[in-house]
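# Observations on the model geometry
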Amino acid sequence: MNKIDILLGLQWGDEGKGKVVDALTPNYDIVARFQGGPNAGHTIEFEGKKFVLHNIPSGVLTPGCVNIIGNGVIIEPHILKGEVEGLKQAGFSLGKTLMISNRAHLILPTHRALDAANEKALGKMKIGSTLKGIGPTYTDKTARKGLRIGDIAMGDFMAKYEKLKQAHLQQIASLGFDMNGFQLDGMDFADYEKLWFEGVDYIRQFPFIDSEYYINEALDQGKKVLAEGAQGSMLDVDFGSYPFVTSSNVIAAGVCNGLGIAPNRIGKVYGIFKAYCTRVGTGPFPTELFDATGETLRQNGHEFGATTGRPRRCGWLDLPALKYAVMLSGVTDLMMMKSDVMDEFETIKVATAYRYNGQETQHLPFAACTETMEPVYAELPGWREKIEDRRQETEDGRKKMIPERLEEYIEFIENYVGVPIKFVSYGPDRTQNIIR
Ligand code: GDP
Ligand code: IMO
Ligand code: MG
């Protein structure tokens, strides 16, 4: 009986999940998304080409891999259509290798409008949502009002759509917003709605399946399955900095209800983190830097959102938060990304505790959801060397690939968190990795 492996982001998203899923896919038969929706932006780079995936799992660029959008995911058909067409133009035809769960919920155009109205109503306290309709769609799911992929094939789909749309329009009006002149992605609402329905028709070409059976039976047959997380643990609806979070469970437990996998069928849990931290949107970020160093991280790391293009907030690595995320998901293997961004740094700081109520703590207090904790830092020397350069010299076996000071940085993190870092990424390309 095979178990499912999971790959999760451990910070505030954008850790590099797309790159690693793509790099690991040759070892897997199936890649499945279990939560989130087009708020995700997962980047994959190889042979000078760059792809950004939102709703589609990151196994699609590996021929022969089956990709599943699981029941815990929410889908915007127009966005999904755009992604599929983009891949087709680049020479990747998905055929039947993309499958969609009947139970995945649909993001309606009015969910997106409601997301925008909610954010405007919050004013300064806005979440900084990606405006893809995530919050309102998950709200309708738990309120038992949502529309699902399987409903598309049912005779009463249009009636259900109209009913939900009307309810949304009332909610939008009650927030004091007028749909007249309302634009979605630069289009009038009616034009967008038309494209949305074209998207609904378009995605009928993919098999709508009961993915819980499909995946469990595949595991029974000895197939290898990787669950691909979206967002990051600090954006989890239960354990993140609520209310500045997304609306799904992004930790390992999300795989159980987002794919229908029993807890005793979970195998390896790969936890991925950047060698520093970033965050987009509002909410506390204890190690955030507002100085030239923060700007250097942003420029060196090209820290601009893959979904919205927003500049990402940048700061030092936060070990109490990382350890918390590792605990919540039972991470077995850590993967450290983007060490190359700090190659030139003379010294590097790492938060090892917070100062709260006059005391030092390694725990995240409840107040950390809405208040910015004061970090306590350790300072380590930078490595000031590139792995890339060592790579060339290693051909004759003279040098270890990882610079000594970088190795010390890695060991410092391992000692704090208690889980080995088995994979170090030093560039965006699918080949720029070292297995430790
Ligand atoms: P995801 O949402 O977790 O898949 O991450 P994103 O794709 O939103 O953001 C990660 C960004 O970092 C992308 O532009 C990647 O191409 C890039 N990236 C991934 N790993 C590395 C790395 O090790 N070094 C550098 N410099 N860039 C990386
Ligand atoms: P990937 O999968 C980074 C953030 C938003 C906002 C909050 C809520 O690429 O790592 P939402 O649209 O979900 O209602 O937004 O969560 N957010 C992300 N930040 N990476 C993501 O996904 C994100 N998905 C949502 O910026 O602060
Ligand atoms: Mg991203």
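Residues numbered from 1 in each chain as written. Chains lettered and ligands numbered in written order. Predicted model: local features only at pLDDT ≥ 70, side-chain atom pairs only at ≥ 80, totals over all residues. Heavy atoms only, no water.

Moving on to the overall build of the chain. The helix and strand inventory of the chain stands at twelve helices and 22 strands. Here the chain has a C-alpha radius of gyration of 22 Å; the compact-globule value for 436 residues is 22 Å, and the two agree. Referenced to the eigenvectors of the C-alpha coordinate spread, the extents of the chain come out at roughly 65 × 50 × 40 Å. When each of the 436 residues of the chain is scored for burial, the buried share is 56%. Here the contacts in the chain between residues at least 6 apart in sequence split such that 77% fall between residues at least 24 apart. When the accessible surface of the chain is split by element, carbon and sulfur atoms take 51% of a total near 18,300 Å². (Helix = DSSP H or I, 4+ residues; strand = E, 2+ residues; numbered from the N terminus. Rg over C-alpha atoms; globule rule 2.2 N^0.38 Å. Buried < 20%, exposed > 50% of the residue type's maximum accessible area, 1.4 Å probe, protein only. Contact = heavy atoms within 4.5 Å. Areas by Shrake-Rupley, 256 points an atom, 1.4 Å probe, with all protein chains shown as cover.)

This next bit is on the environment of Gly271. Tracing the backbone through its elements, the reader meets Gly271 in strand S13 (residues 266–274). Owing to a relative accessible area of 0%, Gly271 belongs among the buried residues under this scheme. Distance from Gly271 to Ala325, taken between C-alpha atoms, is 8.5 Å for residues 54 residues apart in sequence. Those residues in contact with Gly271, other than ones at most four positions away along the chain, are Leu8, Leu10, Val331, Asp333, Leu334 and Met335.

Attention shifts here to unusual backbone geometry. For the bond from Tyr242 to Pro243, the omega torsion is 10 degrees, close enough to zero to count as cis. By the element assignment, Pro243 lies in the loop between strand S12 (225–228) and helix H8 (253–259). If you check the backbone angles, Glu47 has positive phi at about 45 degrees while not being a glycine. Looking at the element boundaries, Glu47 is found in the loop between strand S3 (42–46) and strand S4 (49–53).

Our focus in this paragraph is the site of ligand 1. Inspection of the region around ligand 1 gives 19 residues, with Gly16, Lys17, Thr43, Asp340 and Ser425 positioned closest. Between Gly16 and ligand 1, the recorded distance is 2.8 Å, taken from a backbone N or O atom to an oxygen atom. Burial of ligand 1 by the protein chains amounts to 94% of its free accessible area of 590 Å². Of all the secondary-structure elements, those providing two or more residues to the shell around ligand 1 are helix H1 (17–24) and S3. A breakdown of the residues in the shell around ligand 1 according to their chemical character gives four nonpolar, seven polar and eight charged. (Near = heavy atom within 4 Å. Polar contact = N/O pair within 3.5 Å; in protein donor to acceptor, adjacent residues only side chain to side chain. Nonpolar A, V, L, I, M, F, W, Y, C, P; charged D, E, K, R; others polar.)

In the vicinity of ligand 2 lie 21 residues, with Asp14, Lys17, His42, Thr130 and Thr246 positioned nearest. One of the side-chain N or O atoms of Asn39 is found 2.9 Å from an oxygen atom in ligand 2. Between ligand 2 and Ile127 there is a distance of 3.4 Å, counted from an oxygen atom to a backbone nitrogen or oxygen. For ligand 2, whose unbound accessible area comes to 550 Å², protein coverage reaches 97%. For the shell around ligand 2, the class distribution of residues is eight nonpolar, ten polar and three charged.

The subject of this paragraph is the pairing of strand S1 (residues 4–9). Counting buried residues in S1 gives six out of six residues, a clear majority hidden from the surface. Neither face of S1 is left uncovered, since the one carrying Ile4, Ile6 and Leu8 and the one carrying Asp5, Leu7 and Gly9 both have all their residues buried. One ladder, built from five bridges, connects S1 with S13; its direction is parallel. Each residue of the ladder has a partner; that of Leu7, found in S13, is Tyr270. The sheet contact formed by S1 and S12 spans three bridges and is parallel. (Pairing = 2+ DSSP bridges.)

Counting 57 residues, the largest nonpolar core has Met342, Tyr409 and Ile413 as its most contacted members. Tallying contributions element by element places helix H12 (residues 404–417) first for this core, with six residues. Counting residues in hydrophobic clusters, the runner-up holds 31 residues, among them Leu53, Val73, Trp196 and Val200. (Core = buried A, V, L, I, M, F, W, Y, C linked by side-chain atoms within 4.5 Å.)

A regular strand places its side chains so that they alternate between the two faces of the sheet. Among the five residues of strand S17 (residues 333–337), five are classified as buried, and the element is accordingly described as predominantly covered. Residues Asp333, Met335 and Met337 of S17 are buried on one face, and the alternating residues Leu334 and Met336, pointing to the opposite face, are buried as well. Here S13 runs beside S17; their pairing, made up of five bridges, is parallel. Counted as the bridge partner of Gly271 is Leu334 from S17. Two strands pair when backbone bridges link them, and S17 and strand S21 (residues 421–425) are joined in this way by three bridges, in the parallel orientation. Looking at S21, one finds that Met336 is bridged to Val424.

Bringing the coordination of the magnesium ion (ligand 3) into the picture now. On the protein side, the magnesium ion (ligand 3) has Asp14 (OD) and Gly41 (O) as donor atoms, found 2.1 to 2.2 Å from it. Highlighted residues: Asp14 in the loop between S1 and H1 and Gly41 in the loop between strand S2 (30–33) and S3, separated in sequence by 27 residues. Overall, the relative accessible area of 24% leaves Asp14 in the partly exposed class. (Donors = N, O, S within 2.8 Å, 3.2 Å for Na, K, Ca; no water.)

The subject of this paragraph is the packing of aromatic side chains. Tallied over the full model, the rule gives eight aromatic pairs. On the basis of an interplanar angle of 45 degrees and a centroid distance of 5.1 Å, the ring pair of Trp12 and Phe285 is categorised as tilted. Placement of Trp12 in the loop between S1 and H1 and of Phe285 in the loop between strand S14 (277–279) and helix H9 (292–300) is noted, with a sequence separation of 273 residues between them. This pair shows no difference in class: Trp12 is buried, exactly as Phe285 is. (Phe/Tyr/Trp six-rings, centres within 6.5 Å; stacked < 30°, edge-to-face > 60°.)

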